[in-house]
Amino acid sequence: MDGNIIDGKAVAARLRKRVAHAVSALPIQPSLAVVLVGDDPASQVYVRSKIKFTKQCGMRSLEHRLPATVSQDDVEETVRTLNSDPEVDGILVQLPLPGHLDSDAVIALIDPDKDVDGLTETSAGRLLLGQPGLRPCTPTGCVILAKDVLGDLSGKHCVVIGRSILVGKPAALLFLEQNCTVSLAHSRTENIEALCRSADILVPAVGRPNMVKADWVKAGATVIDVGINRVDDSSRKSGTRLVGDVDYDDTAAVAGAITPVPGGVGPMTIACLLRNTVLAACARRGLRAPEELDI
Ligand code: GUN
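Thresholds applied
- Residues numbered from 1 in each chain as written.
- Predicted model: local features only at pLDDT ≥ 70, side-chain atom pairs only at ≥ 80, totals over all residues.
- Heavy atoms only, no water.
- Pairing = 2+ DSSP bridges.
- Helix = DSSP H or I, 4+ residues; strand = E, 2+ residues; numbered from the N terminus.
- Axes fitted to C-alpha atoms, helices over the stretch in contact; angles between N-to-C directions.
- Contact = heavy atoms within 4.5 Å.
- Salt bridge = Lys/Arg side-chain N within 4 Å of Asp/Glu carboxyl O.
- Buried < 20%, exposed > 50% of the residue type's maximum accessible area, 1.4 Å probe, protein only.
- Expected span 1.5 Å × (residues − 1).
- Arc of directions from axis to C-beta.

Caption draft 1: Representation of the sheet that holds strand E3 (residues 90-93) in the model. With parallel pairing, 3 strands are arranged side by side in an open sheet as E2-E1-E3. The strands lining the two open edges of the sheet, one partner per strand, are strand E2 (60-66) and E3. Each strand of the sheet is rotated relative to its neighbour by a mean of 15°, with strand direction disregarded. Strand direction decides the pairing type here: strand E1 (residues 31-37) and E3, joined by 4 bridges, are parallel. Note on E3: the bridge partner recorded for Ala33 is Ile91. Set on the sheet, helix H2 (residues 41-56) makes contact with E1, E2 and E3; between it and E2 the angle comes to about 160°.

Following this line, the structure appears as structure tokens:
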């Protein structure tokens, strides 16, 4: 940490190092298959990073690029083929899919044992039931960042804002798994400011710039900002910049620790995907999960 700013890039780099070390000690080479449909520029950037870091960690990267006009049947056939390929340990279907495709149906097809995004019903069920399984990457990244600051999270009050399937709900369950007392706030929560002010760990995951103000945050609290919002900024060449859900400058003056956007939670998502790929490879092949990948 630099002052009270949580360096997500550095924490992610350390996790990738642990992944690479774990991979080097395995008798097998884990492999991750990425399915990218269409040419959405942001998805292209994400997928390029995922592929680069997969290889950097010593794993095999398989790419399946499908045209934006591909049919539902053809996407589903790709997933079925990857499910039945014994060489494939992890399957990631980059979201969002083009509008004519049913993403839920595609995700539902992924073999849960290869579900490195942790998005299938089975993975969600395993998380809810407290069974071993592959956990969603962004919420796992939030837990790792909070632990990096606070160590043991037992008994801490964690307030997650936002009840999305991708982040809010699984984040609440993952912080509960760490023995936090968890509140899950959302758009209908009454007196949300006071609830947030009682948080030791505040995890906004809404997608609304500057929603969380400094006076919503208890002095010394840890703020893990999951929001990624593009806002106008005429001082930039691009005319825009990325911000989180937190009114950052004022809140940073109050918080004990806070993630910046970009450079906070974002880099952790890919690092957790790599970790999940190793965990999936070990579980599928009857190998013990490397202890160095414990969170
Ligand atoms: N698109 C943006 N973030 C993600 C992610 O974490 N997983 C998938 N599958 N698609 C994404």
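Caption draft 2: Representation of the pattern of salt bridges. This model, assessed by the stated rule, comprises 12 salt bridges. For Asp233, the salt bridge is made with Arg236, and the minimal N-O distance between the two is 3.7 Å. Exposure remark for Asp233: the relative accessible area of 14% places this residue in the buried category. Ionic contacts of the salt-bridge type, sharing partners, join the residues Glu76, Glu77 and Arg80 into one network.

Caption draft 3: Up close: helix H3 (residues 72-84). The end-to-end C-alpha distance of H3, which contains 13 residues, comes to 19 Å, matching closely the 18 Å that a straight helix rising 1.5 Å per residue would cover. Along H3, the positions that sit buried rather than exposed are Val75, Glu76, Thr78, Val79, Leu82 and Asn83. All buried residues of H3 fall inside an arc of 150° around its axis, so they share one side. Among the exposed residues of H3, those pointing more than 90 degrees away from its buried face are Asp73 and Ser84. On its buried face, H3 sits against E1, E2, E3 and helix H4 (103-109).

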